[in-house]
2 protein chains.
Amino acid sequence: MTYCVGLLLNEGMVLLSDTRTNAGLDHISSYRKMFTFEVPGERVITILTAGSLSATQLTIARLQEAIDAPDATGDNSILLAPSLLKVAEIVGATLWSVRDAMDQRLKANGHFGSASMIVAGQRKGGVMRMFLIYPEGNFIEATAETPFLQVGEHKYGKPILDRIVRSETTLDDGKKAVLLSMDSTLRSNLSVGMPLDLAVIREGDCRLSHQRRIEAGDADFAKMSAAWSRVLRDGFLKMKI
Amino acid sequence: MTYCVGLLLNEGMVLLSDTRTNAGLDHISSYRKMFTFEVPGERVITILTAGSLSATQLTIARLQEAIDAPDATGDNSILLAPSLLKVAEIVGATLWSVRDAMDQRLKANGHFGSASMIVAGQRKGGVMRMFLIYPEGNFIEATAETPFLQVGEHKYGKPILDRIVRSETTLDDGKKAVLLSMDSTLRSNLSVGMPLDLAVIREGDCRLSHQRRIEAGDADFAKMSAAWSRVLRDGFLKMKI
């Protein structure tokens, strides 16, 4: 499995993904699940992927191929698309066409290759938008009422987001919130694993404003995790019922 | 769905269940999911149920029928069984026979009626034991290393248990932990709903030591929920990253 989360805040967008991929419990590897396409200052698009690795890798490769094609147009290249909505449509259609072709063959064995994605971006002069692309290519969009989207193992890390994240949340608090949400997921579910990829896109920057890979054993992450455990433990023990 | 959780602590056992049952989103009702069978001072058995209501109701009814039968024996009555292990076997076999009969008919429509249970109890002179009964009737047991069991929507409420619950946890802290675990689940998942049933079986009591129904709008629960939100929020805001 996977856990990816994206926040759409007034100040910008915060994105976090893990890197664990597993085909069964005895075949574990580490793959990047965060991909950024940008023309710095003009357009930034970050995609987080969950689900069948063969489906997500091929989707990302197809998107890159369409960008690099000499006859690229706004209809097939996410770097030329006239709107973020069109970007979401291109990603959705690409994901679906990859999955559809795969499933024709997989279903003979009773398998299927599901996958979903978070697409976050901004064009110069446009507003930030964030979409969750479903395995069938349709999508929903984050809004002021629901300023976060998750794919993969989303349940363990949802309570903290439900309680903390609002559109007004600052970027620093947003980073803390997604890291703690990931921390709860890492502790409870083996199929989600370090290292992590964290990215921040500040409103108006139209580029990756900040990007960091957090390795297993990262001192800051361990400190934060321990501090949060103390907050929970001390608060818990002090509470009366 | 449902959320039920049981803690096996040195001081005793703490059990909590919600009461929401839904067949689709537009058919919601409230059913008790906690059932206690006891000969006070001699034997206490509490069962928490999750899954298809028709399967769990019929299983509980069959267990009661076997207890009431004039020819009840230690082989079929959970109040006469010579050990808690035998109790788990009777509950598992009953659940499986109910489901097997149901599924013969349901599968014609592509449906099936899954269900699982937590069985917790103690006999005079014996030790406390707690089992998770799977839909097929096989089961696992809580141990000192893993002193809690969950059925139903278990993911939202697992992080708090992972961080807090140990065998040495007191009964009062155990009550707080299961209520906070439920609170996180209630906030994040509509298919789990108030009122709640809380029970405590103190070690050696061999009876329900404490039992409480917590209604929607219960002042103490609301206070605890608000206090926990404050703990999380204040702790979160104070943390540096």
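Structure: see above.
What comes next concerns the included structure. Just so you know, these numbers come straight off a predicted model, no measurement behind them.

1. Quick word on the relation of the copies chain B and chain A
And then number 1: The transformation that overlays chain B on chain A combines an axial shift of 0.0 Å with a rotation of 180°, and the residual RMSD is 0.0 Å. Such values leave the two copies arranged in the relation of a two-fold axis. Taking the C-alpha atom as reference, chain B places B:Tyr156 closest to the rotation axis, 2.4 Å from it.
And then number 2: With an isologous cut-off of 70% or more, the 100% of interface residues of chain B that recur at the interface of chain A puts this contact in the isologous class.

2. Description of the environment of B:Val178
Residues and elements named next belong to chain B.
And then number 1: Turning to its location among the elements, valine 178 is positioned in helix α4 (residues 171–188).
And then number 2: Distance from valine 178 to leucine 15, taken between C-alpha atoms, is 7.8 Å for residues 163 residues apart in sequence.
And then number 3: What valine 178 contacts, discounting residues up to four positions off in sequence, is Val5, Leu7, Val14, Leu16 and Leu198.

3. Considering the interface of chain B and chain A
And then number 1: If you look at the interface, chain B gives 33 residues, while chain A gives 33 residues.
And then number 2: In total, chain B and chain A occlude about 3,300 Å² of area from one another, counting both sides; carbon and sulfur atoms represent 65% of this.
And then number 3: Interface area lost by chain B to chain A is led by B:Arg163, B:Phe236 and B:Met239, which between them contribute 27%.
And then number 4: Our count for the chain B to chain A interface comes out at four salt bridges.
And then number 5: Across the salt bridge formed by B:Asp183 and A:Arg163, the nearest N and O atoms sit 3.1 Å from each other.
And then number 6: Inspection of the chain B/chain A interface yields 16 residue pairs in polar contact (both at pLDDT 80 or more).

4. Observations concerning the sheet that holds strand β1 (residues 3–9) of chain B
Residues and elements named next belong to chain B.
And then number 1: Across the sheet, which stays open at both edges, the five strands sit in the order β10-β1-β2-β11-β12 with antiparallel pairing between neighbours. Only two strands of the sheet have a single neighbouring strand rather than two, namely β10 (148–152) and β12 (210–214). Strand-to-strand twist in this sheet, taken as the mean axis angle between neighbours without regard to direction, amounts to 10°.
And then number 2: Two strands pair when backbone bridges link them, and strand β2 (residues 12–17) and strand β11 (residues 196–202) are joined in this way by six bridges, in the antiparallel orientation.

Quick notes on the rules
Residues numbered from 1 in each chain as written. Chains lettered and ligands numbered in written order. Predicted model: local features only at pLDDT ≥ 70, side-chain atom pairs only at ≥ 80, totals over all residues. Heavy atoms only, no water. Least-squares fit on C-alpha atoms with pLDDT ≥ 70 in both. Contact = heavy atoms within 4.5 Å. Helix = DSSP H or I, 4+ residues; strand = E, 2+ residues; numbered from the N terminus. Buried area = accessible area lost by both parts, 1.4 Å probe. Salt bridge = Lys/Arg side-chain N within 4 Å of Asp/Glu carboxyl O. Polar contact = N/O pair within 3.5 Å; in protein donor to acceptor, adjacent residues only side chain to side chain. Pairing = 2+ DSSP bridges. Axes fitted to C-alpha atoms, helices over the stretch in contact; angles between N-to-C directions.

Function-wise, these values are silent; they only describe arrangement.
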